[in-house]
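# Results of the structural survey
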Amino acid sequence: MIQRPQGGYNPGMREPPLIEIHEATLFRGSTRVFHHFTLVIPQHQCVAILGPNGSGKTTLLKAINRELYPVASEHSRIRILGRERWNVWDLREHIGLVSGDLQYGFHPEASALDAVVSGYFSSIGVDARQWKQLKEEQRENAEAVLRALGLGALRDRAYRTLSTGQQRRCLLGRALVHDPDTLILDEPTTGLDLTASFDFMGRIRDLARRGRSLVLVTHHLNEIPPEVERVIILKEGEIVADGPKESVLRPSLLSEVYGVNVRVAEVDGHFLAY
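Below is a summary of the structure that appears in this document. Small disclaimer: the values here were computed from a predicted structure and weren't measured. (Residues numbered from 1 in each chain as written. Predicted model: local features only at pLDDT ≥ 70, side-chain atom pairs only at ≥ 80, totals over all residues. Heavy atoms only, no water.)

Before going further, it helps to spend a moment on the sheet that holds strand β9 (residues 238–244). The six strands are arranged β5-β6-β7-β3-β8-β9 in an open sheet whose pairing can be described as mixed. In this open sheet, the two strands that pair with only one neighbour each are β5 (95–99) and β9. If you compare each strand with its neighbour and ignore which way they point, the axes differ by 15° on average. For β5 and strand β6 (residues 182–186), the ladder comprises five bridges, and the chain directions are parallel. By the bridge assignment, L97 is partnered in β6 with I184. (Pairing = 2+ DSSP bridges. Helix = DSSP H or I, 4+ residues; strand = E, 2+ residues; numbered from the N terminus. Axes fitted to C-alpha atoms, helices over the stretch in contact; angles between N-to-C directions.)

So, about the pattern of salt bridges. In total, this model carries 16 salt bridges according to the counting rule given. For the salt bridge of K62 with E67, the shortest nitrogen-to-oxygen distance reads 3.2 Å. According to the relative accessible area criterion, K62 is partly exposed, its value standing at 23%. E84 is paired through a salt bridge with R79; the nearest N and O atoms lie 3.4 Å apart. Residue R79 is classed as partly exposed on the basis of its relative accessible area, which comes to 27%. If you follow the salt bridges from partner to partner, you end up with E136, R139, E143, R155 and D156 in one network. (Salt bridge = Lys/Arg side-chain N within 4 Å of Asp/Glu carboxyl O. Buried < 20%, exposed > 50% of the residue type's maximum accessible area, 1.4 Å probe, protein only.)

This part is about the sheet that holds strand β2 (residues 31–41). Taken together, three strands build an open sheet; the order of strands is β2-β1-β4 and the sheet is antiparallel. The open sheet has two edge strands with one neighbour each: β2 and β4 (77–80). The mean angle between the axes of side-by-side strands here comes to 30°, regardless of whether they run parallel or antiparallel. As paired strands, strand β1 (residues 19–28) and β2 are joined by seven bridges and run antiparallel to one another. Bridge pairing in β2 links F27 to R32. Lying on the sheet, helix α1 (residues 57–64) is in contact with β1, β2 and β4; it crosses β1 at an angle near 120°. (Contact = heavy atoms within 4.5 Å.)

Now for the layout of surface pockets. In this model, the largest pocket occupies a volume close to 400 Å³. Surrounding the largest pocket, 20 residues form its lining, N65, E67, L97, S99 and L102 being those nearest its centre. Contributing elements (two or more residues each) for the lining of the largest pocket: α1, β5 and α6 (164–176). For the lining of the largest pocket, the leading source of residues is β5, giving four residues. Split into classes, the residues belonging to the lining of the largest pocket amount to seven nonpolar, seven polar and six charged. Estimated volume of the second largest pocket: approximately 290 Å³. Lining the second largest pocket are 20 residues, with K57, T58, D186, E187 and H219 positioned closest to its centre. (1 Å grid on protein atoms, 1.4 Å probe; cavity = no way out; pocket = protein on both sides within 12 Å on 5 of 7 lines; lining within 4 Å. Points joined across faces, edges and corners; volume = space filled by probe spheres on them. Nonpolar A, V, L, I, M, F, W, Y, C, P; charged D, E, K, R; others polar.)

With that settled, consider the packing of α6 against helix α7 (residues 194–209). Relative orientation of the contacting elements α6 and α7 amounts to 20°, with a least axis distance of 9 Å. Classed by the angle they form, the pair α6 and α7 counts as roughly parallel. Taken as a pair, α6 and α7 cross one another with a handedness that is right-handed. Packed against α6, whose contacting residues are G165, R168, R169, L172 and L176, the element α7 presents A196, D199, F200, R203, I204 and L207 at the interface. (Parallel < 35°, antiparallel > 145°, perpendicular 65-115°, else oblique. Left-handed = near helix turned anticlockwise from the far one by under 90°.)

Another point: the pairing of strand β3 (residues 46–50). When you tally the buried positions in β3, you get five out of five residues, the bulk of the element. The side-chain alternation of β3 yields two buried faces, one formed by C46, A48 and L50 and the other by V47 and I49. Alignment of β3 against strand β7 (residues 213–217), held across four bridges, turns out to be parallel. Residue V47 lies in a different strand from β7, and its bridge partner there is V215. The pairing of β3 with strand β8 (residues 230–235) spans four bridges and is parallel. Bridging across to β8, V47 finds its partner in R230.

What follows concerns unusual backbone geometry. In this model, E236 sits at a positive phi of 50°, which is unusual for a non-glycine residue. When you line up the elements, E236 lands in the loop between β8 and β9. Its identity as a non-glycine residue notwithstanding, D268 has a phi of 50°, on the positive side. Note that D268 resides in the loop between β10 (264–267) and β11 (270–273).

Written out as structure tokens, the structure reads:
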């Protein structure tokens, strides 16, 4: 039996939710992905969103990042931190995005520092005009972020010549230059080997332990760090499970959602599917 959603909007919340989606209908092109979709994620929570291909994960991310908007209706709304309208540059001060899709759009001459600095402009790399707009304290902060990520010596290296793991750390730095409260991670270890994957997720775990909120979108149970408390599972544009990961990541539920026999093991707070 599919587990029904547990979460919902509580009007008595003292602070606005990080994400509040209410009765939203969303299309990608001519395809309706969500119909009367409702989801609330409070601030200061670490959440993982799972689901098979075509379940709506990418559409949900695009809605959160203000790339897609719901069909206009009287009762439909998508609010981020209590607001329906955001300037994307202002939003990046609160929510940072790390996505492998960003990895391949940089100009061949863009440096590692360019990649991180582009976070200030919500762009892919920076041009001469943007460098002129950059404040000295912003440049210094970007260099400090690179050093903190173990990339200080590579600041002037061409981004495209870096290893995939180093590029992904640059994208993490791009998200961190604003020091946002929340990171949204879209399939964060795609394309990484075991060493780079462990290194990257170790950094994410450290950020979570220091108080950073996470919204992790993934196909893989083993990517879900122990710091994640809540798991949401999507299937065909609907939430089929939402709750503490121990109650959601059950073999019977995952087998039904994915249509294949799934067994689950827990090791040191990590859940593994096989």
